[in-house]
Amino acid sequence: MSCTFVRFVCEVTLTGLVLPDFAQLLTLQSSESDVEQRVVLPLLRALGYGDVDWQAQAVIGKVRVDFLVQPTELKATYPPYLLVEAKAPNRQISQSVWQLNNYVRQSGAVFGLLTNGYSFRILYNYDQQIIKILEYNQAELSKNSNFFLALLGKSTCLKLRDALYRSQNQVHLNLLKNISKRVASEEMLQLFKKIQSSSGKQKSTEMRRDTMQQEKHAMIVTVFNNKGGVGKTTTTVNLAAALSKLGKRVLLIDIDAQANLTTGLGIDPLNDVELQGRKDISHLLTETKTLLPSTVYRKRWEDVELDIVPSHIRLSEMESTLIQTVDVDRVLIKKLKNYRKDYDFILIDPPPSFGKVNTISLMASSGVLIPTQLAPYPVRALEYVIGRVLGVGETRDEPLPILGIAVSMYDRRLSVLKQDMHDKIIDMLNKIPGGQQVNIFPETTWIPQLKIVSLTPDKGYPLCHAEFDSDLTAGDKEAAQVAFDCYMKMAKHLVTITQEKD
């Protein structure tokens, strides 16, 4: 995509195009057809498309999409510019994102628009990776109508296709370059040397930028709670996936002998580690010559890429070995020292206990995230968890901040219990020295108690990959999308608070 096109999208102001007043056209009792007729069609016309520029109920493979938008001026060989999927006003659009993602991938469309008449979510297709650009409610859409119209409008569509056509010419230019070398045309060779020189300067700038980014050391976060069953490992896996989707480089370290994080990401400690002669966390902690790279596995699910140091049950037998090791509390931070520049976040998943590996994890950390459930026993356990973290912090050269309390397995129906447990946490924090500095993550980041959240660890992938699982029902995929949206908000909040601490 050319710089000219990007500048056009960001700066253009369209005049004479007015969005319909959707608030006067719909109620919560309106149907999906009402949204199509009263919202989508007027919106397409406001975007500058004529009735001949779209197809309703267009067939893509074996499915039908509500609206396929492609101006008649373009050749049929181009993929569509925009797909629009409408839902009834009483449906949350977050539950249908996986469906539109699938349609956009199959068609190769540049943009996708999902709406129930009240919410409008725009998706962008980059090399089959579907990215949410923005989401507006009606008021926000009206306020940002110029950008919305510029982004999805017909004139932008035509400019994009023109930019793509010119990029094809660059491919032809490269071909001519190779031809010129064979025919020894000095005039053409000199021209291409200038092009190469210009390209080299650009790459040099990009390399300097990458180097500057790598100079910043990773934030090492231990996801810690001695109370089992509060979603600690599930939080670690999906938070890591969400950070990856935000463009962060993430390393996961499984330091729990149960290896739930390892298996939850599709790595079998026996078949994939032991029988293959590979190293794991037990080797990293106990063998002086074992360095981090020899223990790292790389896993990828579409646009999510994570590095993982796996665990093994043998770690459960090494407590005495670890205790006898000189300066063992700092062994992990020493092993990570030379590789922190390779990551933005390193997330450590320790066991739900107060053993030696927990101390090793906390001593290596830049901060601690405490997951909990809004229920009496988990809330009561928070006091001991926070006390443990503060105690370890006192033995370190640098403070050990608690980044916050993240709520998981949240039953949205129990509003009275929610308020009661929330108040108990606040009261408990006020009584602990230093507890007043600990915050509960915003309610928008609380992970709902859904069956799909507990189901995916057995499948070996993060929640965001559920949309590609053909064994799941549409309802399961919708639930996975709802839950992962909360993890995305948790990841954004974590990035914000860690930047503030830097």
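Report follows, based on the coordinates.

Cut-offs and rules
- Residues numbered from 1 in each chain as written.
- Predicted model: local features only at pLDDT ≥ 70, side-chain atom pairs only at ≥ 80, totals over all residues.
- Heavy atoms only, no water.
- Helix = DSSP H or I, 4+ residues; strand = E, 2+ residues; numbered from the N terminus.
- Contact = heavy atoms within 4.5 Å.
- Areas by Shrake-Rupley, 256 points an atom, 1.4 Å probe, with all protein chains shown as cover.
- Phe/Tyr/Trp six-rings, centres within 6.5 Å; stacked < 30°, edge-to-face > 60°.
- Buried < 20%, exposed > 50% of the residue type's maximum accessible area, 1.4 Å probe, protein only.
- Pairing = 2+ DSSP bridges.
- Axes fitted to C-alpha atoms, helices over the stretch in contact; angles between N-to-C directions.

1. As for the overall build of the protein chain
Here comes step 1: On a plain count of helices and strands, the protein chain comes out with 18 helices and 13 strands.
Here comes step 2: Contacts spanning at least 24 positions in sequence make up 71% of the contacts within the protein chain whose residues lie at least 6 apart.
Here comes step 3: Split by element, the accessible area of the protein chain, about 24,700 Å² in all, is 51% carbon and sulfur.

2. Some points on the packing of aromatic side chains
Here comes step 1: With the rule as written, the count across this model stands at four aromatic pairs.
Here comes step 2: Plain terms: the ring middles of Phe 111 and Tyr 124 are 5.5 Å apart, the flat faces sit at 45° to each other, and that makes the pair tilted. Placement of Phe 111 in strand E4 (residues 111–115) and of Tyr 124 in strand E5 (residues 119–126) is noted, with a sequence separation of 13 residues between them.
Here comes step 3: Here Phe 111 falls in the buried class, since its relative accessible area comes to 4%.
Here comes step 4: Ring geometry for Phe 224 versus Phe 354: centroids 6.1 Å apart, planes at 45°, classification tilted.

3. Some points on the sheet that holds strand E6 (residues 129–137)
Here comes step 1: Strand order in the open sheet formed by six strands is E1-E2-E3-E4-E5-E6, with mixed pairing between adjacent strands. Bordering the open sheet on either side are strand E1 (54–60) and E6, each of which pairs with just one other strand. Looking at each pair of strands side by side, their axes are set apart by 30° on average, direction ignored.
Here comes step 2: Both E5 and E6 contribute to a ladder of eight bridges, which runs antiparallel. Each residue of the ladder has a partner; that of Phe 120, found in E6, is Tyr 136.

4. Regarding helix H3 (residues 97–107)
Here comes step 1: When you tally the buried positions in H3, you get nine out of 11 residues, the bulk of the element.
Here comes step 2: All buried positions along H3 are accounted for by Val 97, Trp 98, Gln 99, Leu 100, Asn 101, Tyr 103, Val 104, Arg 105 and Ser 107.

5. Overview of the environment of Leu 450
Here comes step 1: As for its position among the elements, Leu 450 is in the loop between helix H16 (415–431) and helix H17 (451–455).
Here comes step 2: Each C-alpha atom, one on Leu 450 and one on Ala 483, is 7.7 Å from the other, the two residues being 33 residues apart in sequence.

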